[in-house]
Every structure is written in structure tokens, then in C-alpha cells.
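Chains, contacts and geometry: an overview
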Amino acid sequence: MDRRSRFLVSLALLAAPLADAAIVPADLSLVQFPNAGTTFAQPIAIRAPNDGSGRVFVVERCGDIRIVKNGVLLTTPFVS
């Protein structure tokens, strides 16, 4: 299992207790992103600003914050 798949499985496992507690938003879904072949250096957090920009921020253990916009990883990190 590659790093990205392990990350997505981890997210699903983290979400499982929430589903049992019935506090999961109706519009919550698990999607795979970005393009195939992209890897993150030990992702530890993910957040979306919910501002309509289509961006998602991925925090890596090394301190970098990468931006995925509309499913595509941007080449320039938000913080490096």
C-alpha cells in the first residue's frame, strides 16, 4: 500500500468514530486527490478554507503546507 493510500485509510479510520456518533455533516465525502503519482512528505493535517476557492491545505510533518486547488497540487507551497 503506498503512502497516499495509507493516508486515506487513516482518514477513513478517523472518521469512523464520528459516523457512530452521528455528527458527520450530510455533505461530507471521502475523495482521493490530487493527480496520481503525487506524494506528500508525511501529511499530518488537511484543511479546506471553505471560501469557494477550491483549495485544500495539506500540512506535512516537515512543516511545509502544500496547496491542492481543484484536485491539482500546486508547485509552489503555501509555506515552506
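Residues numbered from 1 in each chain as written. Predicted model: local features only at pLDDT ≥ 70, side-chain atom pairs only at ≥ 80, totals over all residues. Heavy atoms only, no water.

Observations concerning the overall build of the protein
In terms of regular secondary structure, the protein is built from one helix and four strands. Tracing the protein from N to C terminus, the helices and strands come up as α-β-β-β-β. Residue burial in the protein is summarised as follows: out of 80 residues, 24% are buried. A fraction of 26% describes how many contacts in the protein between residues 6 or more apart in sequence connect residues 24 or more apart. Taken as a whole, the protein presents about 5,700 Å² of accessible surface, with 58% of it coming from carbon and sulfur. (Helix = DSSP H or I, 4+ residues; strand = E, 2+ residues; numbered from the N terminus. Buried < 20%, exposed > 50% of the residue type's maximum accessible area, 1.4 Å probe, protein only. Contact = heavy atoms within 4.5 Å. Areas by Shrake-Rupley, 256 points an atom, 1.4 Å probe, with all protein chains shown as cover.)

A few points about unusual backbone geometry
One non-glycine residue, N50, lies in the positive phi region at around 50°. Considering the arrangement of structural elements, one finds N50 in the loop between β1 (43-47) and β2 (55-60). Although it is not a glycine, N70 sits at a positive phi angle of roughly 50°. You can see N70 is positioned in the loop between β3 (65-69) and β4 (72-73). A relative accessible area of 60% places N70 in the exposed class.

Quick look at the pattern of salt bridges
The tally for this structure, following the rule as stated, stands at one salt bridge. Between D51 and R55 there is a salt bridge, with the nearest N and O atoms lying 2.8 Å from each other. Classification of D51 as partly exposed rests on a relative accessible area of 45%. Relative accessible area serves as the criterion here: at 26%, R55 is assigned to the partly exposed category. (Salt bridge = Lys/Arg side-chain N within 4 Å of Asp/Glu carboxyl O.)

Thoughts on the sheet that holds β4
As summarised here, the arrangement of the four strands in space is β1-β2-β3-β4, forming an open sheet in which the pairing is antiparallel. Each of the sheet's edge strands pairs with one partner strand only, and the pair in question is β1 and β4. (Pairing = 2+ DSSP bridges.)

Describing the packing of aromatic side chains
Counted by the stated rule, this structure contains one aromatic pair. With centroids separated by 5.1 Å and ring planes inclined at 65°, the aromatic side chains of F57 and F78 adopt a geometry described as edge-to-face. In this pair, F57 sits in strand β2 while F78 sits in the segment after β4, placing the two residues 21 residues apart along the sequence. (Phe/Tyr/Trp six-rings, centres within 6.5 Å; stacked < 30°, edge-to-face > 60°.)

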